[in-house]
Amino acid sequence: MPDPVIFVENLVKRYGRTLAVDGIGFVVERGVTAALLGGNGAGKTTTLSILLGLLLPTSGRIHLFGEDVLRHRYRVLPRLNFSSPYVDLPHRLTVRQNLSIYARLYGVVGRKERIALLARDLQIEPLLDRPAGKLSSGQKTRVALAKALLNEPELLLLDEPTASLDPDTGDWVRSYLEEYRTRTGATILLASHNMAEVERLCSQIMMMKEGKIVDRGSPGELILRYGRTNLEEVFLHIARGARALEAVL
Amino acid sequence: MTSPAMRHAGEASFSPARVWAMLLRYLYILRSSWPRTIELLYWPTLQMLIWGFMSQFLRQNSSYIAQAFGVLLAAVMLWDLLFRSQLGLSISFLEEMWSRNLGQLFVTPLRPYEWLISLLAMSVIRVTIGIVPAALLAIPLYHYSIFDMGWALVAFLVVLMAMGWSLGLAICGGILRHGMGAESLAWTVIFALAPLSCIYYPVTTLPAWLQPVAWALPSTYVFEGMRTVMFEHTFRTDYFLSALGLDLIYLAVGALIFFIAFHDARRRGALLQMGE
């Protein structure tokens, strides 16, 4: 059986006295879209940052594609990519210049063709010669997605992929991600607190609270387990406790 | 799926293509703002004009200066070269901080040392854009060419660039460690070394207790060596070698500070958070 794409065991991240990630473990198999779901400060972004190697864990094991990320980070980086609305591209460079530089950093063969293809797919052709700083939130998200797909990643890590987008653009991005995963067999891990998004895209959810994974399963399993009608109610149940939720509902 | 060629390229521990990509990025940034390019030229040219006219005045009133008219001009240009080499490195580094882009860069196969090489290359480009036009302008204006120093000039350039880089590396490390609050270090630290570098006066002018401190700076050997070349027409190899030795030590210390700060930024999660 092939190695899982993501294998995390006993992952701990401590900042002084604060425990940001508290001994979590999970596995994500190839071709799966999974989510780390939780409120602000639950440890989702911290976990993603550790997987990306941008943040060193206090302890724990992380293997991507069967490789120990802490020891062989550069063996896995060419095979993954990342997008977040909280990390920018240089504002004064045009979209084309930005994409071209990242394509060079990833060693993309046929750089111009790849950028043209992504620009067509993601409908950013008219934006290519505009400075990245002059784009709207929706346009920035599509450009960030183009950057994240330059190397045709086998693992795509997304932090709040549709944050601050209008419903139409948000839906478009979700459709594109579904299509990309189906077409390429890529694995996607997203950190989100958008329940509708997670319910639609993901077959595996890790519910996080205060640095721990407090429950996990498919959206259907979680909804059934908590006797709720949708994932948002499950989220509120976990975040606030059952009785507090009954009062809200 | 990620192609085998891309995986192979990404796994290579050094890639000139990645260094070139980063250099290209800084060139795009420089090209995108003509006021910044003008600013590169502005200060060295202004300095050269002020000190050039001052030298002309002194030549008519001082036998010392009359011996070597270019001494002040050469000193001001070499000092500016030191300042610009440090600033050139720090500014390119700060461009990444201002655009909150470190998180994007370091999830690519880019190695920190490849990034550093591109920063050093950009420093050379910025120095060239800033200093060469000023040096050329001095030729028709004052009939003085710093290039007359010949190979000695090359030696001085090497020593001063390396010193600027070592300072720049340490400053970038300080900014990585302390965030954008430490940004002003890029413009200020070097001036603390100016009095000790003995740019316009001999080391013997300093109090005896301060002279060993001055001799611990590579720049002091350059300015003393420059005066020897201009007044005595002698190139002091011993000065050059001492300065080069000190440079190697300071470069190693600067790189160590930078890499420790980079590792620490990964431990603290600062690569994702840093920015304006």
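Draft legend 1. Highlighting the overall build of chain A. Counting its secondary structure elements, chain A contains 10 helices and 10 strands. Its C-alpha atoms give chain A a radius of gyration of 18 Å, near enough to 18 Å, the size a compact globule of 249 residues would have. With the C-alpha coordinates aligned to their principal axes, the bounding extent of chain A is approximately 55 × 40 × 40 Å. Considering chain A as a whole, with its 249 residues, one finds that 49% of them fall into the buried category. Of all intrachain contacts in chain A linking residues separated by at least 6 positions in sequence, the fraction that spans at least 24 positions is 65%.

Draft legend 2. Representation of the overall build of chain B within the structure. When you go through chain B residue by residue, the secondary structure sums to 13 helices and 0 strands. When the helices and strands of chain B are placed in sequence order, the string is α-α-α-α-α-α-α-α-α-α-α-α-α. The C-alpha atoms of chain B give 20 Å as radius of gyration, which agrees with the globular expectation for 276 residues (19 Å, within 12%). Taken along the three principal axes of its C-alpha coordinates, chain B extends 75 × 40 × 35 Å. Long-range contacts, defined as pairs at least 24 residues apart, comprise 76% of the intrachain contacts of chain B with a sequence gap of at least 6.

Draft legend 3. The environment of L58 of chain B, seen in detail. Tracing the sequence through the fold places L58 of chain B in helix α3 (residues 34-61). Sequence separation of L58 of chain B and M6 of chain B is 52 residues, and the distance between their C-alpha atoms is 63 Å.

Draft legend 4. Spatial organisation of helix α9 (residues 231-240) of chain A. Those residues of α9 of chain A not exposed but buried are L231, V234, F235, H237 and I238 of chain A. Viewed end-on, α9 of chain A has its buried residues packed into an arc of 160°, placing them on one side of the element.

Draft legend 5. View of the sheet that holds strand β5 (residues 67-68) of chain A. Residue and element names in this part refer to chain A. Within the open sheet, the 4 strands sit side by side as β2-β1-β4-β5. Their pairing is antiparallel. On the outer flanks of this sheet lie β2 (18-28) and β5, each paired with one strand and no other. Sheet analysis places strand β1 (residues 6-15) next to strand β4 (residues 59-64), joined by 5 bridges and oriented antiparallel. Counted as the bridge partner of V8 is I62 from β4. Of the strands in this sheet, β1, β2 and β4 are in contact with helix α1 (residues 44-52), which crosses β1 at around 115°.

Draft legend 6. A look at helix α2 (residues 16-31) of chain B. Look at α2 of chain B: 22 Å from first C-alpha to last across 16 residues, which is about the 22 Å you get at 1.5 Å a residue. Looking at α2 of chain B, one finds that the buried residues are R18, V19, A21, M22, L23, R25, Y26, I29 and L30 of chain B.

Draft legend 7. Looking closely at the confidence of the model for chain B. Residue and element names in this part refer to chain B. Of the residues in chain B, 95% have a pLDDT of 70 or more, and the chain-wide mean is 88. For chain B, the element scoring lowest by mean pLDDT is helix α4 (residues 63-67), at 59; helix α10 (residues 211-214) scores highest, at 96. Quick note on the complex model: pTM equals 0.88, ipTM equals 0.88.

Draft legend 8. Inspection of the interface of chain B and chain A at higher detail. Residue-level contacts link 34 residues of chain B with 32 residues of chain A. Breaking the side of chain B that touches chain A down by element, the ones donating at least two residues are α1 (4-11), α2, α6 (102-105), α12 (237-268) and α13 (270-273) of chain B. Here the residues of the side of chain B that touches chain A are counted per class, giving 16 nonpolar, 11 polar and 7 charged.

Draft legend 9. Local environment of the sheet that holds strand β9 (residues 204-209) of chain A. Residues and elements named next belong to chain A. One open sheet holds the 6 strands; their spatial order is β6-β7-β8-β3-β9-β10, and the pairing between them is mixed. Among the strands making up the open sheet, the edge pair consists of β6 (80-83) and β10 (212-217). Averaged over all pairs of adjacent strands, the angle between their axes in this sheet comes to 15°, without regard to strand direction. Direction of pairing for strand β3 (residues 33-38) relative to β9: parallel, over a ladder of 5 bridges. The residue bridging A34 from the neighbouring strand is Q204, located in β9.

Draft legend 10. Up close: the nonpolar core. Within the largest apolar cluster, 159 residues are counted, with the highest numbers of intra-cluster contacts made by L64 and L157 of chain A together with M77 and L78 of chain B. Not counting residues up to four positions away in its chain, the partners in contact with L157 of chain A are L48, L51, L52, L80, F82 and L189 of chain A.

Draft legend 11. Local environment of the packing of helix α5 (residues 71-98) of chain B against helix α8 (residues 151-178) of chain B. All names here are of chain B. At a closest axis distance of 8 Å, the pairing of α5 and α8 adopts a crossing angle of 35°. Crossing of α5 against α8: the hand is right-handed. Where α5 abuts α8, its residues L78, L81, L82, S85, Q86, L89, S90, F93 and M97 lie against F156, L157, L160, M161, M163, G164, W165, L167, G168, I171, C172 and I175. Classifying every residue of the contact of α5 with α8 by side-chain character gives 16 nonpolar, 5 polar and no charged.

Draft legend 12. Spatial organisation of the environment of M97 of chain B. Here M97 of chain B shows up in helix α5. Among the residues examined, M97 of chain B registers 18 C-beta atoms within 10 Å and is labelled partly exposed.

Draft legend 13. Spatial organisation of the pairing of β4 of chain A. All names here are of chain A. The pairing of β4 with β5 spans 2 bridges and is classified as antiparallel. Residue pairing in the sheet places L64 in a bridge with E67 of β5. The hairpin turn running from β4 into β5, its antiparallel successor, is 2 residues long, and F65 in that turn takes a positive phi close to 55°.

Draft legend 14. Spatial organisation of the pairing of β3 of chain A. Residues and elements named next belong to chain A. β3 sits mainly inside the fold: 6 of its 6 residues count as buried. Residues of β3 alternate between two faces, with T33, A35 and L37 on one and A34, L36 and G38 on the opposite face, all of them buried. As paired strands, β3 and strand β8 (residues 187-192) are joined by 5 bridges and run parallel to one another. By the bridge assignment, A35 is partnered in β8 with L190.

Draft legend 15. Looking closely at the environment of H178 of chain B. Within the element layout of this structure, H178 of chain B appears in helix α8. Measuring from C-alpha to C-alpha, the distance between H178 of chain B and A270 of chain B comes to 9.8 Å, with 92 residues separating the pair along the chain.

Draft legend 16. View of unusual backbone geometry. One non-glycine residue, E210 of chain A, adopts positive backbone phi at about 50°. Relative to the helices and strands, E210 of chain A resides in the loop between β9 and β10. Owing to 14 C-beta atoms within 10 Å, E210 of chain A belongs among the partly exposed residues under this scheme. Phi at C198 of chain B is positive, roughly 55°, even though this residue is not glycine. Of note, C198 of chain B is situated in the loop between α9 (185-197) and α10. According to the C-beta neighbour criterion, C198 of chain B is buried, with 24 such atoms within 10 Å.

Calculation notes
- Throughout, residues of each chain are indexed from 1 in the direction in which the sequence is written.
- For naming, the first written chain is A and the first written ligand is 1, with later ones following in the order written.
- Per-residue local features are limited, in this predicted model, to residues with pLDDT of at least 70; the limit for side-chain atom pairs, both in listing and counting, is 80 or more; totals at the level of whole chains, interfaces and linings are taken over all residues.
- Working definition: helices are DSSP H or I runs of at least four residues, strands are E runs of at least two. Numbering for both runs from the N terminus.
- Just to be clear, the radius of gyration here is over C-alpha atoms, and the globule rule we use is 2.2 Å times residues to the power 0.38.
- With C-beta atoms placed from the backbone, a residue counts as buried when 20 or more other C-beta atoms lie within 10 Å of its own, as exposed when 12 or fewer do, and as partly exposed for counts between those limits.
- Whether two residues are in contact is decided by their C-beta atoms, placed from the backbone, lying within 7 Å.
- The arc refers to the directions leading from the helix axis to the C-beta atoms.
- Two strands pair if DSSP finds at least two bridges between them.
- The angle between two axes is taken between their N-to-C directions and runs from 0 to 180 degrees, where each axis is a line fitted to C-alpha atoms and a helix contributes only its stretch in contact.
- Expected helix span is given by 1.5 Å per residue-to-residue step, counting one fewer step than there are residues.
- Confidence of the predictor at the level of single residues is captured by pLDDT, which takes values from 0 to 100.
- Charged means Asp, Glu, Lys or Arg here, nonpolar means Ala, Val, Leu, Ile, Met, Phe, Trp, Tyr, Cys or Pro, and polar covers whatever is left, Gly included.
- The term nonpolar core means buried Ala, Val, Leu, Ile, Met, Phe, Trp, Tyr and Cys residues held together as one set by C-beta atoms within 7 Å.
- Two helices that cross are described as forming a left-handed crossing if the nearer one is turned anticlockwise from the farther one by less than a right angle, and a right-handed crossing if clockwise.

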